[in-house]
Structures are given as structure tokens and as C-alpha cells.
Amino acid sequence: MPADGALPATALGAVGQRGFGVYVHVPFCASRCGYCDFNTYTAAELGDGVSRDTYVDTLLGELRLAARVLGTRPRVDTVFVGGGTPTLLPPDDLARLLDAIDATFGLADGAEVTTEANPESVTPGSLKELRAAGYNRISLGMQSAAPGVLAVLDRQHTAGRAVAAAGEAREAGFDHVNLDLIYGTPGETEADFAGSLAAALATGADHISAYALIVEDGTRLAARMRRGELPYPSDDVAADRYLAAEAALSEAGMSWYEVSNWASSPAARCRHNLLYWTGGDWWGLGPGAHSHVGGVRWWNVKHPARYAALVAQGVSPGAGREILSARERYVEEVMLRLRLAEGLPLAGLDEPGQAAVARAADDGLLEVIAGRAVLTLRGRLLADMVVRTLL
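Each residue is numbered by its place in its chain's sequence as written, counting from 1. Note on the predicted model: pLDDT of at least 70 is required for a residue's local features to be given, and 80 or more for side-chain atom pairs to be given and counted; whole-chain, interface and lining totals, by contrast, use all residues. Side-chain numbers come from the whole structure's heavy atoms, not from hydrogens or water.

K.L.:
Explain the packing of aromatic side chains here, please?
P.N.:
Each pair of aromatic rings is reported with the distance of its centres and the angle of its planes. We call Phe, Tyr and Trp rings a pair once their centres come within 6.5 Å, taking the six-membered ring for Trp, and we label the pair stacked below 30 degrees between planes, edge-to-face above 60, and tilted otherwise. Here the structure, examined in full by the defined rule, presents eight aromatic pairs. Their ring planes at 45° and their centres at 5.6 Å tell us that Tyr242 and Trp262 sit as a pair that is tilted. With Tyr242 in helix H10 (residues 235–251) and Trp262 in strand E8 (residues 261–263), this residue pair connects regions lying 20 residues apart in the sequence. Summarising the aromatic geometry, the rings of Trp283 and Trp298 are spaced 5.0 Å apart at their centres and angled 75° between planes, so their arrangement reads as edge-to-face. Note that Trp283 is positioned in strand E9 (residues 281–285) and Trp298 in strand E11 (residues 296–300), a separation of 15 residues in sequence. Numbered from the N terminus, helices here are DSSP runs of H or I no shorter than four residues, and strands are runs of E no shorter than two.

Shown next as C-alpha cells:
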């Protein structure tokens, strides 16, 4: 990674033609959930050289670097502040961050501006401040409405807090509210998950994401399973939970637009994630953040102290980068677009890929609709296998 972060001219030539977003990583958490392997840190884990009080100033240093590197500055279609728990930062800091992004690049008219939040990290007052600052979408980590499931996941909020927070966000004027659910947690019953779906829908949230629990090496949850304290997740149970989600959400008027994401209308779809999935450009600010511009992908150093030191020196905090080959871009196009309800354009497939589509259609995994390969419900259950077949 060049010290000045410079990008090849070929990458800069078309920046923003497929949309441009800014991702901001806030690595702070009040506690570590047992299943989480994200690049996040509790206060005890951070050590010296990092402070929440000065974190936004550090981010603004990288934002200035982004402006120098990109030169011609594309307007920002989407901003997504993730973590970690971004709402551990004061609303004033998050407002200052958004103002700086706007001043540096300019927010497009109607830009989608999202912050993630844990339910216990927001209040009616803080939500009103965030909305007034320009945040118009919030994504709340609900995970489950069952107390026993939350306990296994080491979540800190009570079963009803996510529901209350979603209502508070709507009252604060957020245009869009998402709730994240996790299914397949050891000990979760069919009734537990049905209750979680019902509780999420009752909030009036217009977007719900539902993901199967993944057990990552190095987490407390993985250690408990290795010791035999908890059973490993079951693929069959996960499939049943997914079918339950599809049935409940579709009955409530939501439609899937990506394998793990449902929205009540096209306007409620997460435009920032769609930018990722359709080959757009974005700059990722913060430790461990990934970026992509014009076929060049890079990632920042992970530890917040090292990140802050590099930014303070005026050099790129990038740890490494890769220039995607034509084959790598093709693989990503297939892998990501096939997961979308709009499907994968057949015209972009090579001959073996088109033959694989025909076989998958014969097997009931795909439908061909208006020149696009679209996963069936059975295909969504086996999406990774279908992608491998096409590649």
C-alpha cells in the first residue's frame, strides 16, 4: 500500500459511476458478545493511544486523505456508520462526522445515511439528536426476543429493549428502521424464533435482516461448543428457520431482495449494501475498514492505536491492497448478484456458467426471468452451492 494511498489512474477514471458510498467503522463496544469476531474492542482491550473523545478527529484525518487521493470528488449516495457500537459516541460527534463528509464530498440529494446501534445504547433523546443531524436510517441489533437466546449470545439488552428502541426511532422521525435477527442459536426453539419475528414485525420496522448463526474460531461461543457446553448449530434447523422467516415476513407484506434481507418496499431496501452487492465504489474510514474504488480493494490496519498513529503521521492507514483481475471481478459479480432477487444477468456469464444455469434451473434451484438467473426458494437455501456450480 503506497504511503500516500495513491490509486492507479485506471481506478480513478470511473469513480462513482456505479454509485459512491462512505463506510465508517467505530470499533468500540461496551462488552464483547460471545459469537462476535468483528474488529471491535472494549475499553479494557483498547490500551493506550486510543480515546473515544478524539476518535472522530482521527477519522477526519483519513477523510482528508480520501479527498486528496480521489481528486475529483464524487457525491456521496450512502453513508453507513457501523461497528462495534457507533452510538457509544455522543450524538454531537456523529453529527460532526456527517457534516465533515458532506463538506468534503457533498451528500447527494436524498442520500441514505445509516447508523448501527445496540438497543441499550440509544435513548429517545439521542435518537432525536441523530435524526436532526441528518441520519435517516437506523439498524438495531435485536438478534432475538427470547431471553434465553440473548443470554447464550451474551447480548446485554433485555428482550423488550429492541422493540422499544425501534418504536423510539420511528417516533424520532427516522425514515427507515432495520432490525437484525440471528437464528439457529443453540437452545432456540421454533416458538422462540416465531416470537422474535412477530415482535420485530410488530414494531413497524420496514426492513428486517435475518442471518444464521455462524460460529467463528476464537470466540467464546466456539470455545463453549468445543468444551461440549453447547451443541453446534444444525443446518437442518437453520433451513427450517429460514423458511419460517420467509413465510412470516412475506405474509406481513415484506419481500426478499437479498437472500438474508427483506424490505416492505423498494424504498426501504438498504442502498448502501446494494452498492456493495452491485460493484459500486466506497471509501471505508476507520481501523480494519475495507474500501473499493474502480477495481482496487484495500483494507486498513486493524488496531485503533496503530490506525491513529498512521493517520497522525499523514500517511495512509492501509495495511494492504489488491487490484482485482478480470476473473476475480467476474467471480464477485456472480457471487454477489446471484443473491439478489433481481438476479444475475445471463449475458454476463461465460459459456460454462450459462450451461450451469440451465442445469440449476432443471434442478429447481434457479428460474430464468427476463434474461436473469433468479434463485428459487429452494435455491436460496442452497445459495452458496449454486454459486459454486456457476463458477
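Now that the structure is up, let's keep going.
K.L.:
Can you help me understand the side chain of Ser291 in this one?
P.N.:
Its place among the elements puts Ser291 in strand E10 (residues 290–293). Definition of a polar contact: a pair of N or O atoms within 3.5 Å, with one able to donate and the other able to accept a hydrogen when the atoms are protein atoms, and with sequence-neighbouring residues admitted only if both atoms are side-chain atoms. A polar contact of 2.7 Å, which involves the side chain of Ser291, links it to the backbone nitrogen of Gly284. We call two residues contacting when some pair of their heavy atoms lies within 4.5 Å. Excluding anything up to four places from it in sequence, Ser291 contacts Trp282, Trp283, Gly284, Val296, Arg297 and Trp298.

K.L.:
In this structure, what is going on with a negative patch on the surface? I would like to understand it.
P.N.:
Residues form patches when they are more than 30% accessible in relative terms and have no salt bridge. Like charges link within 9 Å. Nonpolar side chains (Val, Leu, Ile, Met, Phe, Trp, Tyr) link within 5 Å. Computed by Shrake-Rupley with a 1.4 Å probe, the accessible areas treat only the displayed protein chains as cover when residues are assessed. Salt bridges, as used here, are contacts in which a Lys or Arg side-chain nitrogen is within 4 Å of a carboxyl oxygen on Asp or Glu. Only four residue types enter the tally: Lys and Arg on the positive side, Asp and Glu on the negative side, with His and both chain ends excluded. Charge placement uses NZ in Lys and CZ in Arg. For Asp and Glu, CG and CD serve respectively. Where like charges cluster on the molecular surface, the negative patch consists of Glu190, Asp235, Asp236 and Asp240. The element contributing the most residues to the negative patch is H10, with three residues. Turning to its location among the elements, Asp240 is positioned in helix H10.

K.L.:
What is the right way to read the sheet that holds strand E14 (residues 366–369) from this model?
P.N.:
Pairing between the strands of a sheet is mediated by backbone hydrogen bonds and can be parallel or antiparallel. Whether two strands pair comes down to DSSP finding at least two bridges between them. Pairing is antiparallel across the open sheet formed by three strands, whose spatial order is E13-E15-E14. The sheet terminates laterally at strand E13 (344–345) and E14, the two strands that pair on one side only. Where E13 lies against strand E15 (residues 372–375), two bridges are found, and the strand directions are antiparallel. Looking across to E15, one finds that Leu344 is bridged to Ala373.

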